[in-house]
Every structure is written in structure tokens, then in C-alpha cells.
Amino acid sequence: MRMMKNNKNETIMVIGIDHGYGNMKTATRCFTSGVVRYEKEPIFQNNLLVYNGLYYQIGEEHKEFCAEKTQDLDYYVLTLAAIARELDGKGMNQVKVHLAAGLPLTWVASQKEDFQKYLLQNDSVDFTFRNKEYHVEFVGADIYPQGFAAAFYRLQDFKGINMLADIGNGTMNIMYINNSRPVEKKCFTEKYRTHQCVLAVRESLLKELGTVVDDLVIEQVIRAGTADIGEKSLSVIRKAAGEYTKEIFHKLREREYNPELMRLYVVGGGGCMIQNFGDYDKDRVTIVRDICATAKGYEAMTARKIQKNGGVLV
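Residues numbered from 1 in each chain as written. Predicted model: local features only at pLDDT ≥ 70, side-chain atom pairs only at ≥ 80, totals over all residues. Heavy atoms only, no water.

Brief notes about the packing of aromatic side chains
Step number 1: Enumeration over the complete set of coordinates arrives at 8 aromatic pairs.
Step number 2: Taken together, a centroid distance of 6.4 Å and an interplanar angle of 80° make the contact between Tyr21 and Tyr75 edge-to-face. With Tyr21 in the loop between strand S3 (18-19) and strand S4 (23-25) and Tyr75 in helix H1 (residues 74-89), this pair connects stretches of sequence that are 54 residues apart. This pair shows no difference in class: Tyr21 is buried, exactly as Tyr75 is.
Step number 3: Ring geometry for Phe127 and Tyr134: centres 5.4 Å apart, planes at 15°, overall stacked. There is no split in this pair, since Phe127 and Tyr134 are both buried.
Step number 4: Among the aromatic residues, those joined into a ring-pair cluster are Tyr51, Tyr76, Phe115 and Tyr118.
Step number 5: Looking at Lys186, its charged tip hangs above the ring of Tyr176, at a distance of 4.5 Å from the centre. (Phe/Tyr/Trp six-rings, centres within 6.5 Å; stacked < 30°, edge-to-face > 60°. Helix = DSSP H or I, 4+ residues; strand = E, 2+ residues; numbered from the N terminus. Buried < 20%, exposed > 50% of the residue type's maximum accessible area, 1.4 Å probe, protein only. Lys NZ or Arg CZ within 6 Å of the ring centre and 35° of its normal.)

Have a look at this one:
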């Protein structure tokens, strides 16, 4: 979150939000992209958001993959929760907000306008999150390509030919950045993602051990390479995750990835799979472990845009 004065001399907050299928990320916060709606006040209220007379439990379940993020109200409610988390960290509850968000690389052109309208569907909104009241006025929203945002503030590092792979829970975005410049004709979006790895692991456990394991355990092994479970189950999970990681590199090679001729930068949650289960040259592959890097990039790009239009950082 960045406090700025725009060219109208209004004090605004620029808040970058990465609307992931697995997790919502801001520059400083990360939480599960889950929403469960109730018409009556639920018993458990740890992450309860109240909006328009309805109750939303935030972070309860993963959001199902959908090609259009505007198809229901879930991502709008998650946006409000993300704003509240950022404001709570600053001890604030009433602000004017300029949103900075993104979409998968090859979807930006066709979905940008609709997503912008979706985020700005209300000029202002009043809601409650974690028993704290918020009043937010929206002054704008910018939509950027995912993946590239994570590299925005370090473009000077991308000398020569580089492939950037943003591996999320819903999509894998691939783009070339040559001599610090993105190559628009070499941007790709694949429905090859970490959630599919979880499904593949789950199937292997059922097939080899006849065991059903909670996805939280599988995700922990993917993130850390291990978990507090028996060696048989751990071995099956590691093997299945390793096979899936090989397929990721196969997808990259289909997009002309050649480790001898270019460097690979991996961002997003899928970087854990590459690091824990991948066979690669560590001198030529960089894994960006900051899960909030994309949201930070969105913020940086919007802040620069506002400054170019006469605004200043406060």
C-alpha cells in the first residue's frame, strides 16, 4: 500500500492485489482465496466479512478455477477483504483507494475492461471485516499482465534472452523478456498449475496406497518438500510431485525454453515445486520466493503512472 497525492491533490492509497485462484496477495498480506456465503450470522467469525446484509467467511475453501473472474461476486468480496487487511496494518479504516490488479497474460486484452468495471462496480462501499467497520471510496483501477508485474522493479536484471514463468494455482503464464524488454508476441497462458499437481498427487496416493490425504498435507509437501507424515505416503507424494514438475519443464520446452541459450525466472507458488522437485541448473534458473512480488509490481506500476500524471508519493 502506497500513500500518494494525485493530480487533484487528493490523498489516496494505491493498493496492489494479486487475485489468485489459490491465494489472494497484497504487498504485505497473503490469504486463501476462499469465500463461503451465509444469509444468517455464522457461529465462527474469525475472518467474517459483512457486506450488503450478507455474511462471508473468508479463506474457508480454495476458489474453483474460472476463466472469467467476474462471473460471480466472490472476487469482489475477496478484494474488500484484501483492502481491509492492508488498512488494518496501518490502523486505518476510511480511505480513497486506487486499485492495481492483473489478469493472465493472454487474457488481459479481452478481459481488462470487464475486470476494471467489476472492481469499480461501486463508487464507495461500507463493510465490516473482523468486527471492524470500513468505508472505502474507489478513485480508479489499473489492470496489468500477471507475471510481468513481478519482474517490473528488477527489469535491469533481464539481460540477454530470458523466459519468465509465473506458476500459480490456476494458470501458468509464460513470457520472454529480452534485454529488459517484454516480447508481446511471446506471451502464453497455460492451464497447467499447482492445483493440478495436488490432484495428480491425490490420485497417486489413492492408487498406490488406497489412502485419501487432506490437500493441506499435499500442499505442505509441495511448499516445503516434506511434512510430518509416514515415509510411505511422503515417498508417494514426492514421486508424483517430481513427475509433475518434469511436465512443467516439458511445457516450457514446448515454448522453446532452452537452458543453454536463455535464463529462466520462476515466480508464483509453483516455484516451490521447481525448487523442491526439479532437475535444473541453479546457476541459470532464478526462483523468486516472494509470493507477494506480483502485487508489489502492480503497486509500483500504478504509482509510477500517477507520478507521471502529476501525483507524488506522500
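Quick look at the confidence of the model for the chain
Step number 1: Per-residue confidence for the chain averages 92 on the pLDDT scale, and 98% of its residues sit at or above 70.
Step number 2: Per-residue pLDDT, averaged within each element of the chain, yields its smallest value for helix H3 (residues 148-151) (84) and its largest for strand S10 (residues 124-129) (98). (pLDDT = per-residue confidence, 0-100.)

Re the environment of Val314
Step number 1: Note on placement: Val314 falls in the segment after strand S17 (312-313).
Step number 2: A relative accessible area of 60% places Val314 in the exposed class.
Step number 3: Measuring from C-alpha to C-alpha, the distance between Val314 and Arg284 comes to 39 Å, with 30 residues separating the pair along the chain.
Step number 4: Apart from residues lying up to four places away in sequence, Val314 is in contact with Met3, Met4 and Lys5. (Contact = heavy atoms within 4.5 Å.)

So, unusual backbone geometry
Step number 1: One non-glycine residue, Asn131, adopts positive backbone phi at about 65°.
Step number 2: As for its placement among the helices and strands, Asn131 is situated in the loop between S10 and strand S11 (132-145).
Step number 3: With phi around 50°, Asn179 is a residue other than glycine that occupies positive phi space.
Step number 4: With respect to the helices and strands, Asn179 occurs in the loop between strand S13 (172-178) and strand S14 (181-190).

Some thoughts on the pattern of salt bridges
Step number 1: Across all of its chains, the model carries 12 salt bridges by this definition.
Step number 2: Lys25 serves as the salt-bridge partner of Asp18, at 3.6 Å between the closest nitrogen and oxygen. When sorted by exposure, Asp18 lands in the same class as Lys25, which is buried.
Step number 3: Arg154 is the salt-bridge partner of Asp157, the closest N and O atoms lying 3.4 Å from each other.
Step number 4: On the basis of relative accessibility, which here comes to 36%, the residue Asp157 falls in the partly exposed class. (Salt bridge = Lys/Arg side-chain N within 4 Å of Asp/Glu carboxyl O.)

As for the pairing of S11
Step number 1: Pairing of strand S9 (residues 94-103) with S11 involves 10 bridges; the strand directions are parallel. Across the sheet, the residue bridging to Gln94 is His135, located in S11. (Pairing = 2+ DSSP bridges.)

Side note on the packing of helix H4 (residues 194-209) against helix H6 (residues 231-254)
Step number 1: In contact at an axis separation of 9 Å, H4 and H6 are set at 135° when each is read in the N-to-C sense. By the criterion of interaxial angle, the relationship of H4 to H6 is oblique. Helix-helix and strand crossings are classified by hand; for H4 and H6 the assignment is right-handed. Here Gln196, Cys197, Ala200, Val201, Ser204, Leu205, Glu208 and Leu209 of H4 come into contact with H6, specifically with Lys232, Ser233, Val236, Ile237, Lys239, Ala240, Ala241 and Tyr244. (Axes fitted to C-alpha atoms, helices over the stretch in contact; angles between N-to-C directions. Parallel < 35°, antiparallel > 145°, perpendicular 65-115°, else oblique. Left-handed = near helix turned anticlockwise from the far one by under 90°.)

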